[in-house]
Amino acid sequence: MSNDKKHNRPKYSLEFKQDAAKLVLEKGYSQQQAADHLGISQSALGRWVRAERKPSANESAVKKSCLNLGDRDELIRLRKENEQLRMEREILKKAAVFFAKETE
């Protein structure tokens, strides 16, 4: 097989992922049934279900940093925003130094 063909992973919305996980967690579908019905891979659905599943008392002591899909999506968005704000701040600092030199 050549490396010319790349597998393009489909992008699913956060709402789709959460709804798919609810089929398993709340509606009683097996992961295989839900994956077949939605036309997605069982491994992807398994990740979404694990992300949405509420940790038990035992698991929460072990994994406190486990985020559900909504929290993970917000964290990614906030990290991007934070990086952009840092770049803007650096640009403004350089501009302030430049204009301070011009007025001297």
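The shown structure was predicted, so the numbers you read here are calculated from the model rather than taken from an experiment. (Residues numbered from 1 in each chain as written. Predicted model: local features only at pLDDT ≥ 70, side-chain atom pairs only at ≥ 80, totals over all residues. Heavy atoms only, no water.)

Engineer: It is not clear to me how the overall build of the chain should be interpreted in this structure. Could you clarify?
Structural biologist: Per the secondary structure count, the chain includes five helices and zero strands. Ordered by position from the N terminus, the helices and strands of the chain form the series α-α-α-α-α. Taking all 104 residues of the chain together, the buried fraction comes to 14%. By sequence separation, contacts in the chain at least 24 residues apart represent 44% of the contacts at least 6 residues apart. Summed over its atoms, the accessible surface of the chain is roughly 9,100 Å², and 51% of this surface lies on carbon and sulfur atoms. (Helix = DSSP H or I, 4+ residues; strand = E, 2+ residues; numbered from the N terminus. Buried < 20%, exposed > 50% of the residue type's maximum accessible area, 1.4 Å probe, protein only. Contact = heavy atoms within 4.5 Å. Areas by Shrake-Rupley, 256 points an atom, 1.4 Å probe, with all protein chains shown as cover.)

Engineer: Would you mind showing me how to read the layout of surface pockets here?
Structural biologist: Empty pockets left among the atoms are what a rolling probe the size of a water molecule brings to light. Taken as a whole, the largest pocket holds about 520 Å³ of empty space. In terms of lining residues, the largest pocket is bounded by 16 residues, among which Pro-10, Tyr-12, Lys-17, Arg-47 and Trp-48 are the most central. Put simply, the parts of the chain that give the lining of the largest pocket at least two residues each are helix H1 (14–25), helix H3 (42–52) and helix H5 (69–103). Split by residue class, the lining of the largest pocket holds nine nonpolar, one polar and six charged. (1 Å grid on protein atoms, 1.4 Å probe; cavity = no way out; pocket = protein on both sides within 12 Å on 5 of 7 lines; lining within 4 Å. Points joined across faces, edges and corners; volume = space filled by probe spheres on them. Nonpolar A, V, L, I, M, F, W, Y, C, P; charged D, E, K, R; others polar.)

Engineer: Would you mind showing me how to read the nonpolar core here?
Structural biologist: Considering soluble globular proteins, one finds that nonpolar side chains tend to be buried as a cluster. Residues Val-24, Ala-34, Ile-40, Leu-45, Trp-48 and Val-49 are the most contacted members of the largest nonpolar core, which totals 13 residues. Looking at this core, the element that brings in the most residues is H3, giving five residues. Not counting the four nearest positions on each side in its chain, Val-49 is found in contact with Ala-21, Val-24, Leu-25 and Gln-31. (Core = buried A, V, L, I, M, F, W, Y, C linked by side-chain atoms within 4.5 Å.)

Engineer: For this particular structure, what's the right way to read a positive patch on the surface?
Structural biologist: A surface patch of positive charge is lined by Arg-9, Lys-11, Arg-47, Arg-50, Arg-53 and Lys-80. Within the secondary structure, Arg-9 is located in the segment before H1. (Patch = residues over 30% accessible without salt bridge, like charges linked within 9 Å, V, L, I, M, F, W, Y side chains within 5 Å. Salt bridge = Lys/Arg side-chain N within 4 Å of Asp/Glu carboxyl O. Lys, Arg positive; Asp, Glu negative; His and termini not counted. Charge placed at Lys NZ, Arg CZ, Asp CG, Glu CD.)

Engineer: Looking at this structure, how should I read the packing of H1 against helix H2 (residues 31–38)?
Structural biologist: The description of two helices packed together rests on the angle between their axes and the distance between the axes. For the pair H1 and H2, interaxial distance at closest approach is 8 Å and the crossing angle is 140°. Taken together, H1 and H2 sit at an angle that is classed as oblique. The handedness of the crossing between H1 and H2 comes out as right-handed. In this structure, H1 uses Phe-16, Ala-20, Leu-23 and Val-24 to contact H2, whose residues at the interface are Gln-31, Ala-34 and Leu-38. Classifying every residue of the contact of H1 with H2 gives six nonpolar, one polar and no charged. (Axes fitted to C-alpha atoms, helices over the stretch in contact; angles between N-to-C directions. Parallel < 35°, antiparallel > 145°, perpendicular 65-115°, else oblique. Left-handed = near helix turned anticlockwise from the far one by under 90°.)

Engineer: Explain the confidence of the model for the chain here, please?
Structural biologist: Predicted coordinates in regions of low pLDDT should not be interpreted in detail. Mean pLDDT for the chain: 84, with 83% of residues reaching 70 or above. Model confidence for the chain, summarised as mean pLDDT per element, is weakest for helix H4 (residues 57–62) at 53 and strongest for H2 at 93. (pLDDT = per-residue confidence, 0-100.)

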